[in-house]
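Spelled out, the chains give:
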Amino acid sequence: MREDERQKLENWKSEYISIGITQGGLPKMAMGIPWESTGQAYNMCTPNVYIAPEDLQDEKIMKTVTSYKVLGCYIFAPLEDYNFLSKFEKLQDLYIANGENIRDLSFMENLTKCRMLFLQNAKLKNLDTVLHLNRKAEELFDRLTSVALANCEVDDLSCFEQEKHFFIEFLVWEAGENNSRKRWNAINSYIKKYYKI
């Protein structure tokens, strides 16, 4: 971990924190905001501290990180394992770029406060975990209401046909020749957008 970021982490004054994960733990000067609505964009946080992927294996660093209530986690480096996220029980905003190694969303099962999910390049069997999280939510405002999938492959969307659920935003960016816009029709959302990239 970079020494300047270590100092920020160890001297952080609030009980709440947002973290960024980048190669080398280098702070990002800018990041894309995927959300269409201003309200959702305002709910994103700027990472207070940046760590590197290898820092996730450092018990001392992770003990310090989990001593705070992590509200936002913004991952820009590809990771082999995302299970550490299950420790962030207060997490509200999860942003994962370069998620090529993600095959399911089981690491999110304990994230019952998560309201926004941006996911890029994942290859998923289904999105059942999204609906499962919303069934577990104790409060209306704890529901996962905003989902953005960028260049993700999702094999089965039948969960949305069997169980109606309302989203604030559901955004899909897909690459390739085939236009699969119709398969997303079962999703009910106030803002629903489909883009070819």
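All figures in this text were calculated on a predicted structure; none of them were measured in a lab.

### Things to note about the sheet that holds strand β5 (residues 116-120)
With parallel pairing, eight strands are arranged side by side in an open sheet as β2-β1-β3-β4-β5-β7-β9-β10. The open sheet has two edge strands, β2 (49-51) and β10 (188-196), and neither has a second partner. Each neighbouring strand pair of the sheet contributes to a mean axis angle of 15 degrees, computed without reference to strand direction. Judged from the five bridges that link them, strand β7 (residues 146-150) and strand β9 (residues 166-174) form a sheet pairing that is parallel. By the bridge assignment, Ala148 is partnered in β9 with Leu171.

### Regarding the environment of Met62
Locating Met62 in the fold gives a position in helix α3 (residues 59-65). Separated by eleven residues in sequence, Met62 and Ile51 place their C-alpha atoms 9.9 Å apart. Setting aside anything within four residues of it in sequence, one finds Met62 in contact with Asp55, Leu56, Phe84 and Phe88.

### Things to note about the side chain of Asp55
Relative to the helices and strands, Asp55 is located in the loop between β2 and α3. No salt bridge is formed by the buried Asp55. Its closest oppositely charged neighbour is Arg6, at 5.9 Å. Among the polar contacts made by the side chain of Asp55, one reaches the main-chain amide nitrogen of Met1 at a distance of 3.2 Å.

### Side note on the pairing of β5
In terms of burial, β5 is largely enclosed, as four of its five residues are buried. As paired strands, strand β4 (residues 93-96) and β5 are joined by four bridges and run parallel to one another. Bridged to Ile96 within β5 is Leu119. Both β5 and β7 contribute to a ladder of five bridges, which runs parallel. Of the residues in β7, the one forming a bridge with Leu117 is Val147.

### Observations regarding the side chain of Ser189
Along the chain, the position of Ser189 falls in strand β10. For Ser189, a relative accessible area of 12% corresponds to the buried category. A polar contact of 3.4 Å, which involves the side chain of Ser189, links it to the backbone oxygen of Ile168. A distance of 3.2 Å separates a polar side-chain atom of Ser189 from the backbone nitrogen of Phe170. The contact partners of Ser189, leaving out residues within four places of it in the chain, are Phe166, Phe167, Ile168, Glu169 and Phe170.

### Here's the deal with a negative patch on the surface
Residues Asp128, Glu153, Asp155, Asp156 and Glu161 make up a contiguous surface patch of negative charge. Ranked by residue count, the leading element in the negative patch is strand β8 (residues 153-156), at three residues. Summarising the element assignment, Glu161 is placed in helix α5 (residues 159-162).

### With respect to the nonpolar core
Grouped together as the largest cluster of nonpolar side chains are 50 residues, with contacts concentrated most on Leu85, Leu94 and Leu127. Ignoring any residue separated from it by four or fewer positions in sequence, one finds Leu127 in contact with Leu105, Leu149, Val154, Asp156, Leu157, Cys159, Phe160, Phe170 and Trp184. Membership of the second largest hydrophobic core comes to 13 residues, among which are Phe76, Tyr95, Ala148 and Leu171.

What counts, and where the lines are drawn
Starting from 1, residues in each chain are numbered consecutively following that chain's sequence as written. Predicted model: local features are reported for residues with pLDDT of at least 70 only, side-chain atom pairs are reported and counted for 80 or more only, and whole-chain, interface and lining totals are derived from all residues. For side-chain calculations, the full set of non-hydrogen atoms in the structure is used, while hydrogens and water are omitted. What makes two strands pair is DSSP finding at least two bridges between them. In this text, helices come from DSSP runs of H or I with a minimum length of four residues, and strands from runs of E with a minimum of two, each type numbered from the N-terminal end. Only the contacting stretch of a helix is used when fitting its axis, a line to C-alpha atoms as for every element, and angles between N-to-C directions run 0 to 180 degrees. Should any heavy atoms of two residues lie within 4.5 Å, those residues are considered in contact. Working definition: with a 1.4 Å probe on protein chains only, accessible area under 20% of the residue-type maximum means buried, over 50% means exposed, and in between means partly exposed. The charge count includes Lys and Arg as positive and Asp and Glu as negative, but it does not include His or the ends of the chains. Salt bridge criterion: a side-chain nitrogen from Lys or Arg within 4 Å of a carboxyl oxygen from Asp or Glu. Any pair of N or O atoms that falls within 3.5 Å is considered a polar contact. Within protein, one atom must be able to donate a hydrogen and the other to accept it, and sequence-neighbouring residues count only if both atoms are side-chain atoms. Grouping into patches uses exposed residues only, defined as over 30% relative accessible area, and leaves out salt-bridged ones; the cut-off is 9 Å for like charges and 5 Å for nonpolar side chains (Val, Leu, Ile, Met, Phe, Trp, Tyr). Surface accessibility in these figures is a Shrake-Rupley result with a 1.4 Å probe; residues are shielded only by whichever protein chains are displayed. Charged side chains are reduced to one point each, which is NZ for Lys, CZ for Arg, CG for Asp and CD for Glu. What we call a nonpolar core is a set of buried Ala, Val, Leu, Ile, Met, Phe, Trp, Tyr and Cys residues that are connected through their side-chain atoms within 4.5 Å.

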